[in-house]
Amino acid sequence: MKNQNNQQHIIIFGAPGAGKGTHADLIAKRYGMVHLSTGDLLRKEVAEQTPLGKFVQKELDQGNLVADEIVIEMVEKAITGTDRNCILDGFPRTVAQAKALDEMMKRTGQHIRCVLSIEVPREELILRLEQRSLISHRSDDNEATILHRLIEYETKSKNVIDYYKADGRLVPVDASDSIENTQKNIRNALSQL
Ligand code: AMP
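Predicted model, so just to flag it, every value in this text is computed and none were measured. (Residues numbered from 1 in each chain as written. Predicted model: local features only at pLDDT ≥ 70, side-chain atom pairs only at ≥ 80, totals over all residues. Heavy atoms only, no water.)

Explain the site of the ligand here, please?
Of all residues adjacent to the ligand, which total 15 residues, the nearest are T38, N64, V66, G90 and Q97. R93 places a side-chain nitrogen or oxygen 3.0 Å from a nitrogen atom of the ligand. Contact with the protein chains covers 96% of the free accessible surface of the ligand, which is 480 Å². Here the shell around the ligand takes four residues from helix α2 (residues 38–47), the largest share from any one element. (Near = heavy atom within 4 Å. Polar contact = N/O pair within 3.5 Å; in protein donor to acceptor, adjacent residues only side chain to side chain. Areas by Shrake-Rupley, 256 points an atom, 1.4 Å probe, with all protein chains shown as cover. Helix = DSSP H or I, 4+ residues; strand = E, 2+ residues; numbered from the N terminus.)

So what exactly am I meant to see when it comes to α2 here?
For α2, the set of buried residues is T38, G39, L42 and V46. One side of α2 carries all its buried residues, which in axial view fall inside an arc of 100 degrees. The inward-facing, buried residues of α2 abut β2 (34–37), α3 (51–62), α4 (68–80) and β3 (86–89). Positive backbone phi, at 50 degrees, marks Q49, one or two positions downstream of α2. (Buried < 20%, exposed > 50% of the residue type's maximum accessible area, 1.4 Å probe, protein only. Arc of directions from axis to C-beta. Contact = heavy atoms within 4.5 Å.)

Any chance you could explain the pattern of salt bridges here in plain terms?
It is possible for side chains of opposite charge to pair when their charged atoms get near one another. Within the structure shown, the criterion is met by 14 salt bridges. Of the charged contacts, one joins D141 and R132 as a salt bridge, the two residues approaching to 2.9 Å between their closest N and O atoms. In this structure, R138 and D140 form a salt bridge, with 3.0 Å as the shortest nitrogen-oxygen distance. The exposure class of D140 is buried, given its relative accessible area of 9%. The network of salt bridges with common partners includes R132, R138, D140, D141 and R149. (Salt bridge = Lys/Arg side-chain N within 4 Å of Asp/Glu carboxyl O.)

Just to check I follow, could you spell out the nonpolar core for this structure?
Considering soluble globular proteins, one finds that nonpolar side chains tend to be buried as a cluster. Counting residues in hydrophobic clusters, the biggest one holds 52 residues, and the most contacted among them are I11, I79, L88, L101, L116 and Y164. Among the elements that line this core, the one with the most residues is α4, at six residues. Every residue in contact with Y164, bar those within four places of it in the chain, is listed here: I11, P92, A98, L101, V115, R169 and L170. (Core = buried A, V, L, I, M, F, W, Y, C linked by side-chain atoms within 4.5 Å.)

I keep staring at the packing of α2 against α4 and nothing clicks. Help me out?
Between two packed helices, both the angle of their axes relative to each other and the distance between the axes serve to describe the pair. Direction vectors running N to C along α2 and α4 enclose 100 degrees, while the axes themselves pass 11 Å from each other. The angle between the axes of α2 and α4 places the two elements in the roughly perpendicular class. Counted together, T38, L41 and L42 of α2 and V71, M74 and V75 of α4 form the full contact between these two elements. Classifying every residue of the contact of α2 with α4 by side-chain character gives five nonpolar, one polar and no charged. (Axes fitted to C-alpha atoms, helices over the stretch in contact; angles between N-to-C directions. Parallel < 35°, antiparallel > 145°, perpendicular 65-115°, else oblique. Nonpolar A, V, L, I, M, F, W, Y, C, P; charged D, E, K, R; others polar.)

Here it is as structure tokens:
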């Protein structure tokens, strides 16, 4: 296990289609961080048909959240395997995951610097997901699953916002405009921390 002290991670939080992956990539490149996407890690397991991949495949295909214990263990392995700062994309997605992450940070002497909550109106999310489904090869980018993923977000993930709002770590960012303008909003927000 590497020496993790002083590591400061950023969470990028938002609904499916808000642009978490795109913005996490740009932030990671700009600030030399590791882009840690639980969705990408899980899709890799599925593509390689590992035992874990076979176990979670149905959940991903149907747009259900994978069990907390599985993603928590995956994130802990990834975070403790690097001594760089990470941008967490797609995690935490439940309050139980957020609490487990805080416990992990405390135990390893690391910190969550802030939670960028990228905000996009629901109608725009649906439009973006529909457009993405035309070009992506993701098994969950199809009409039926798009709506289900939004409902999973609204019922299980959205309250993560209140968890971080309560202790002042939440940084809301308007992400309804172009990628460039949203990046500007993110950089402004980060420079004010
Ligand atoms: P994403 O690429 O972030 O949209 O995630 C794709 C899918 O991976 C989700 O619909 C879930 O099935 C699964 N997934 C990713 N991250 C998590 C998480 N933190 N908790 C539970 N399931 C997750």
